[in-house]
Amino acid sequence: MSIKTGVIGCGKVGHFHAKAYAQLPGSEFVGACNHNIKRAEEYAKTYSVQPFDSVGEMIDRTGIELVSICTPHLAHAKDAVEAIEHGAHVMIEKPLAITLRDCDLILNAAEKHNRQVAVTCQRRFYPPCLRIKQAIDDGKIGRPIIASVTMLGWRDMAYYASDPWRGSWDQEGGGVLVNQAPHQLDLLLWYMGEIDEVSAIWDTLNHPNLEVEDTAAAVIRFKNGAIGSILVTNSVNPALYGKVHVHGENGATLGVQTDGGAMFIAGMSGIAEPPVNDLWTVPGEEGLLAQWKDEDSKMFHSVDNMYYFHRMQIQDFIEAIGQNRPPLVDGLAGRRTVELFTAIYVSGRTHKSIKFPIL
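The structure presented is a predicted model; accordingly, all values stated were derived computationally and were not measured.

(A) View of the pattern of salt bridges. Enumeration over the complete set of coordinates arrives at 20 salt bridges. Between Asp 304 and Lys 19 there is a salt bridge; the shortest N-O distance is 2.5 Å. Pair noted here: Asp 304 is in the loop between α10 (289–302) and α11 (308–323) and Lys 19 is in helix α1 (residues 14–23), with a separation of 285 residues, a long-range link. On the basis of relative accessibility, which here comes to 29%, the residue Lys 19 falls in the partly exposed class. Residues Asp 102 and Arg 101 are paired through a salt bridge, measuring 3.7 Å at the closest nitrogen-oxygen approach. Here the salt bridges do not stand alone but share partners, grouping Lys 12, Asp 163 and Arg 166 into one network.

(B) Local environment of the packing of aromatic side chains. Counted under the stated rule, the structure contains 14 aromatic pairs. Note on Phe 341 and Tyr 345: the rings are 6.2 Å apart at their centroids and 65° apart in plane angle, and the pair reads as edge-to-face. In this pair, Phe 341 and Tyr 345 both sit in helix α12 (residues 331–350), four residues apart, roughly one turn of the helix. For the residue pair Phe 341 and Tyr 345, the accessibility class agrees, reading buried in each case.

(C) Expanded view of the pairing of strand β7 (residues 144–152). Summarising the sheet, β7 and strand β11 (residues 241–248) pair through eight bridges and their orientation is antiparallel. In the strand pairing of β11, Ser 148 is matched with His 245. Relative to strand β10 (residues 227–233), β7 runs parallel, the two sharing seven bridges. Note on β10: the bridge partner recorded for Ser 148 is Ser 229.

(D) Looking closely at the side chain of Asp 259. By secondary structure assignment, the location of Asp 259 is in strand β12 (residues 253–260). For Asp 259, a relative accessible area of 18% corresponds to the buried category. Within the structure, Asp 259 has its side chain in polar contact with the side chain of Arg 123 (distance 2.8 Å). Not counting residues up to four positions away in its chain, the partners in contact with Asp 259 are Arg 123, Gln 184, Leu 240, Tyr 241 and Gly 242.

(E) Inspection of helix α3 (residues 55–62) at higher detail. Along α3, the residues classified as buried are Val 55, Gly 56, Met 58, Ile 59 and Thr 62. Looking down the long axis of α3, one finds its buried residues gathered within 165° of arc, a one-sided arrangement. For α3, the elements touching its buried residues are β1 (3–8), β2 (27–33), β3 (50–52), β4 (66–69) and α4 (76–85). A side-chain oxygen of the first residue of α3 lies 3.2 Å from the backbone nitrogen of Glu 57; this N-cap is Ser 54. Of the residues flanking the end of α3, it is Gly 63, one or two places downstream, whose phi is positive at about 75°.

(F) Quick look at the nonpolar core. By size, the foremost hydrophobic cluster in this structure holds 81 residues, and its most contacted members are Ile 106, Tyr 191, Val 198, Ile 230, Val 232, Leu 340 and Ile 344. The residues contacting Ile 344, other than those within four sequence positions of it, are Leu 177, Val 198, Ala 200, Trp 202, Ala 216, Ala 218 and Ile 230. Judged by nonpolar contacts, the second largest core, of 25 residues, contains Phe 16, Leu 24, Ala 44 and Cys 70.

(G) Molecular detail of the sheet that holds strand β13 (residues 276–280). Judged by pairing direction, the sheet is mixed, and its eight strands sit side by side in the order β13-β12-β11-β7-β10-β9-β8-β14 without closing on themselves. Whereas interior strands pair on both sides, the edge strands pair on one side only; in this sheet they are β13 and β14 (354–355). Relative to the sheet, helix α9 (residues 182–192) contacts β7, β8 (195–203), β9 (215–222), β10, β11 and β12, its axis offset from that of β7 by approximately 175°.

(H) Structural view of empty space enclosed by the protein. Within this structure, the stated rule accounts for three cavities of 30 Å³ or more. Estimated volume of the largest cavity: approximately 60 Å³. Contributing to the lining of the largest cavity are eleven residues, with Gln 122, Ile 271, Asn 305, Met 306 and His 310 lying nearest its centre. Across the lining of the largest cavity, the residue classes tally to seven nonpolar, three polar and one charged.

(I) Fine view of unusual backbone geometry. In this structure, the amide linkage connecting Lys 94 to the following residue, Pro 95, adopts the cis form with an omega of -5°. Omega for the bond connecting Phe 356 with Pro 357 falls within 30 degrees of zero, at -5°, which places this linkage in the cis form. Within the element layout of this structure, Pro 357 appears in the segment after β14. A positive phi angle, near 55°, is found at Asn 324, a position not held by glycine. Turning to its location among the elements, Asn 324 is positioned in the loop between α11 and α12.

The rules we used
Throughout this document, residue positions are counted from 1 along each chain, in the order its sequence is written. A pLDDT threshold of at least 70 governs which residues receive local features in this predicted model, and a stricter bar of 80 or more applies before side-chain atom pairs are shown or counted, although totals over entire chains, interfaces and linings include all residues. Neither water nor hydrogens contribute to the side-chain values; these are computed over all heavy atoms in the structure. When a carboxyl oxygen of Asp or Glu is within 4 Å of a side-chain nitrogen of Lys or Arg, the pair counts as a salt bridge. Per the convention used, a helix needs a DSSP run of H or I reaching at least four residues, while a strand needs a run of E reaching at least two, with both numbered from the N terminus. With a 1.4 Å probe rolled over the protein chains alone, any residue whose accessible area is under 20% of its type maximum counts as buried; one over 50% counts as exposed, and the rest are partly exposed. Geometry of aromatic contacts follows a simple scheme: Phe, Tyr and Trp rings, the Trp one being its six-membered ring, pair when their centres are within 6.5 Å, and the pair is stacked under 30 degrees between planes, edge-to-face over 60, tilted otherwise. If DSSP finds at least two bridges between two strands, the strands pair. Any N or O atom pair separated by 3.5 Å or less is treated as a polar contact, with the protein-specific requirement of one donor-capable and one acceptor-capable atom, and with residues adjacent in sequence counted only for side-chain atom pairs. Two residues form a contact once any of their heavy atoms are found within 4.5 Å. The arc in question is the one traced by the directions running from the helix axis out to the C-beta atoms. Joining through side-chain atoms within 4.5 Å is the link that ties buried Ala, Val, Leu, Ile, Met, Phe, Trp, Tyr and Cys residues into a set, and such a set is a nonpolar core. Convention adopted: a line fitted to C-alpha atoms gives each axis, helices being fitted over their contacting stretch, and angles between N-to-C directions are expressed from 0 to 180 degrees. Within this scheme a cavity is a closed region of a 1 Å grid, computed over the protein atoms alone, that accommodates a 1.4 Å probe without allowing it to escape, whereas a pocket is open but has protein on both sides within 12 Å along at least five of seven lines; lining residues each have an atom within 4 Å of a point. Grid points are joined across faces, edges and corners, and a volume is the space filled by probe spheres set on the points. Charged means Asp, Glu, Lys or Arg here, nonpolar means Ala, Val, Leu, Ile, Met, Phe, Trp, Tyr, Cys or Pro, and polar covers whatever is left, Gly included.

In structure tokens:
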């Protein structure tokens, strides 16, 4: 049995969602919506679906049950709430929203109308990322006590000029923390759990004409007593890597390089290097690292890795709706990432530690 699906926002990343909806056996892809109807018509023609410039009209006329929201960050809440109110479950490209207020508008609407929310964080579906989560859940490192996110990336000013909403506080919601880092922040929270306190600094270091931050650093105390660090930047040229590392109370280390080399830009560039476990010192498993790197690299190159993991996450969401269970990355997980980067911004502005939850 399939469900009717659609896409709101016919830009670069919207094509990843459309391709998945057009190919997945559980999906009947029927509609595309964009505020510019000509763009919607061009996009819809590519996938043989109906074009619209109204979210509500699209859902009402087609009976869409699941819609992906691929619009600029500022529009996420408006489009999601409208879709939910017209009866659709929503998958929202990260971040869930740019403010906690907008996150809560989405989640409250979903609860009121008994709809599900998922946030696109396809890196959770990478085999090396799943391997770390399984090792933690299996107790292979004991209690996680230390964790770090390090993302040394690059964006030039041409990137920020590629869309009018990029690089602005009011439309994008921030810089590297909001656009590039959410994938790694999501993994950090998935592995480590709830946060107690954050202290942070951020700045614009080598993009003098950029309104938002290109670099941020933070220290975290988790509720389980663990300590974490974050260093993310778009100021390292050429880009080097994005990594997440977790260290356990038994001294063992788990690590993943989620991104290597030039940073992936949807619709503009490919993925430079396959994701791999770069560190693994679980007692008795140290010798498996080379094997896993080889297996994961071969798997990555055997699929259309530009969209394959989007497809995996969309498939998980379709199955979650059918089984009435939460998806792997639900709306609450998306809100936690927004709460984290919000705390980092507030801490940097006030020069104070920020206690959780943010009220």
